[in-house]
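Okay, here's what each chain looks like letter by letter:
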Amino acid sequence: MTKKTLAVAAVITAALSAPTMAADWFIGGGIGSQENNYKAEITEAVDPGFSKGTFKDSDSDMIYELRGGVYLNDNNRVYGTYSYNSDDFAKQQSFLMSYDYLVGLDANNKFNWFIGATAGVNHTSPDVDMLESKNNFVWGGQTGFMYKINDKVSTEIGYRYLKQDYDKTLTSESGDKASFSLDDSQQVYLSVDYRF
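Before going further, it helps to examine the packing of aromatic side chains. If you walk through the whole model with that rule in mind, you get 5 aromatic pairs. Between F26 and Y71 the ring centres are 5.0 Å apart and the planes differ by 50 degrees, which places this aromatic pair in the tilted class. Pair noted here: F26 is in strand β1 (residues 24-42) and Y71 is in strand β2 (residues 53-71), with a separation of 45 residues, a long-range link. In this structure, F26 and Y71 share a single accessibility class: buried. On the numbers, 6.2 Å between centres and 55 degrees between planes, the contact of F26 with Y79 is tilted. One end of the pair, F26, is in strand β1; the other, Y79, is in strand β3 (residues 76-86), with 53 residues separating them in the sequence. We note that F26, like Y79, is buried. Connected via pairs of aromatic rings, a cluster forms that spans F26, Y71 and Y79.

Cut-offs used in this document
Residues numbered from 1 in each chain as written. Predicted model: local features only at pLDDT ≥ 70, side-chain atom pairs only at ≥ 80, totals over all residues. Heavy atoms only, no water. Phe/Tyr/Trp six-rings, centres within 6.5 Å; stacked < 30°, edge-to-face > 60°. Helix = DSSP H or I, 4+ residues; strand = E, 2+ residues; numbered from the N terminus. Buried < 20%, exposed > 50% of the residue type's maximum accessible area, 1.4 Å probe, protein only.

Here it is as C-alpha cells:
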C-alpha cells in the first residue's frame, strides 16, 4: 500500500469513525502565508549560462482559502478547503479534505487545540513556458488553536504541512537534461468560521 493510499485511508477512517451525535455545519475563509520548497537538478548543461548541480529555493507568498465542513461533536470535525497561492515560480490551487481532533483547553470548550490529517489534489501552473500544469496528490497534517467567539463565530490560527508530488524533467534535442520539483509546502493561516 502506497503512502498516498494510506494518507487518504487515514483521513476517511478518522472521519467515519467519529460519532455523529450533534453536527454543526460551518463555512469560513482565511488568509496566510505559504512557503513552497522547490528543487532543480541539472544533469547536463541546458544552456551555457547554466551549470550542472542541484539547486534549492523556497518562495513565500500569500495564501487565500475558503472552507466548509461539519463539527461532528466537541472533539471531531471534517472539512474541505479550496486555497489559492501564487509565487515567483507557479500558481497553485488546492482542493483538500481534512480531519481534526480538538482538545478543549478550558471548561467551556471555547479555546481548543487541534491536530489532524489532510489529503487532496493540488493544481500547479508554473510560470515557465517549458513546464506544464499538473494535478498532483498532496497529503500532510495541521495543528493550531481555535477560539469560539460565540455560538456562531470562531477563529483559528494554524500551521499546515503538505507533501507535494510535482516533478518534471526536461530534455533538449541535444540531450541536455534538467528536472524541476515542488517538494513540499508549509502554510501559516488565520481563519474565521461561521456555524449554522
